Amino acid sequence: MNLKLIAFVALSTGLSFSLSAQSADDIPGSKDPAGLKRYEGTRTTFYEEKAFESYTLPLGKLTKKPGNVNLFAKSLTLEGKVTKVTYVSNEPKRTALEVFKNYQNELTAGGWETLWEGTGEELSAGKGLLFHSLFANRPGGTFAICHPGARYLAAKKGGAHLALFVANYKSGTVTPKNLQPQPGVPVIAVDLIETQAMEEKMVLVKAEEMASGIIQQGSVNLYGFHFDTGSAALKPESDATLEEVAKLLKSDPALRLLVVGHTDTVGKFEGNIELSQNRAASVVAALGKRLPSAASRLTPCGVGYQCPIASNSSEEGRAKNRRVALVKVEN
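Figured I'd write up the structure that's included with this text. Since this is a predicted model, take the numbers as computed values, not measurements. (Residues numbered from 1 in each chain as written. Predicted model: local features only at pLDDT ≥ 70, side-chain atom pairs only at ≥ 80, totals over all residues. Heavy atoms only, no water.)

Inspection of the entire model under this criterion finds two aromatic pairs. With a centroid separation of 5.8 Å and 50° between ring planes, the pair formed by Trp116 and Tyr152 is classed as tilted. One end of the pair, Trp116, is in strand 5 (residues 113–119); the other, Tyr152, is in strand 6 (residues 151–157), with 36 residues separating them in the sequence. Judged by its relative accessible area of 16%, Trp116 is buried. (Phe/Tyr/Trp six-rings, centres within 6.5 Å; stacked < 30°, edge-to-face > 60°. Helix = DSSP H or I, 4+ residues; strand = E, 2+ residues; numbered from the N terminus. Buried < 20%, exposed > 50% of the residue type's maximum accessible area, 1.4 Å probe, protein only.)

Okay, structure coming up:
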């Protein structure tokens, strides 16, 4: 069999392979996802890489709910490095089935486990509600119309997951115009999700910086109080921030503070209110043990996700919203 997909060359990590030469027609700055080769005779028309993002991986047929919001019979929510690529073939004689089978064979040979694959009606809930919801941010129109021969698979290898969607482009207007596929050519979306912990960027806030923030703004946001997901128990990594808050309280014996817990939007509203309240109470209790004389000057309260400072649509934003704020009591 004459495979059009250049073979994977697996290394011990399962994600590092030798890369082939890229097409001169690729969009600037694009590259093949780590460890994944492209189908011969294709060019990239979309490339996006996020160091840490949330991704919904469909593992079942498309369904729908009121409002025509795409849902899937089964899905997996992943977080980690997300690389998204769209390839467009230059060969109208090729079919989505041929491209899909080549990818499928090479993924299997490379040790990838197929979690689910779907075709035809499994990828459409009818009345134009299409499976392209994952790929809506590609150049406008590439996947927006129901294309013939659409096929999808989700696969897993180690700490990596992959979404592959292939169809033959039918018609429509893709913008910008230079990314327009020819009628009939295969269009390919490959998304690689490498699950990993978010890089911790929130630095320790010193007591002096806390005092400055409270003087200037009346409050200061702290990210040094660490909890497991859904838990109100302070983790040992919180000790450094607890020590700095204790220093702050010692430096100003008249200072009274609200200790306000904030969450992201994951979970129900009432549950987040309770969780944020309990987390604030845990911080107050820990500070009371370190500095008993200051316990009466601290009041715990929780507001859940009522006061976001970033969008909850991304993990980066949710991380900014998960915090404990110290708010000065003025009266």
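Moving on from the coordinates now.
The next subject is the pairing of strand 4 (residues 75–89). In terms of strand pairing, strand 1 (residues 42–58) meets strand 4 through 14 bridges, oriented antiparallel. For Glu53, the partnering residue across the bridge sits in strand 4 and is Gly80. In this structure, strand 4 lies alongside strand 8 (residues 186–195), joined through nine bridges in antiparallel fashion. What sits directly across from Val82, in strand 8, is Ile193. (Pairing = 2+ DSSP bridges.)

Secondary-structure assignment places Gly60 in the loop between strand 1 and strand 2 (62–65). In the structure, Gly60 is positioned 14 residues away from Lys74 in sequence and 4.7 Å away in space, judged by C-alpha atoms.

Moving on, we get to the packing of helix 2 (residues 207–217) against helix 3 (residues 239–251). Close contact between helix 2 and helix 3 brings their axes to 8 Å; oriented N to C, the two are set at 60°. Viewed along their axes, helix 2 and helix 3 adopt a mutual orientation that is oblique. Considering the relative orientation of helix 2 and helix 3, their crossing is right-handed. Residues Ala207, Met210, Ala211 and Ile214 of helix 2 form the contact with helix 3, whose own contacting residues are Thr241, Glu244, Val245, Lys247 and Leu248. Here the contact of helix 2 with helix 3 is built from residues that sort into six nonpolar, one polar and two charged. (Axes fitted to C-alpha atoms, helices over the stretch in contact; angles between N-to-C directions. Parallel < 35°, antiparallel > 145°, perpendicular 65-115°, else oblique. Left-handed = near helix turned anticlockwise from the far one by under 90°. Contact = heavy atoms within 4.5 Å. Nonpolar A, V, L, I, M, F, W, Y, C, P; charged D, E, K, R; others polar.)

Attention shifts here to the sheet that holds strand 9 (residues 219–222). Sheet strands pair via backbone hydrogen bonds, and the direction of the pair is either parallel or antiparallel. A sheet is described by the order of its strands in space; here four strands give the open sequence 9-12-10-11, paired in mixed fashion. Because the sheet does not close on itself, it has two edges, and the strands there are strand 9 and strand 11 (298–302). Averaged over all adjacent pairs, the angle separating strand axes in this sheet is 20°, with direction ignored. Here strand 10 (residues 257–262) pairs with strand 12 (residues 323–328) via six bridges, running antiparallel. Bridge pairing links Leu258 to Val327 in strand 12.

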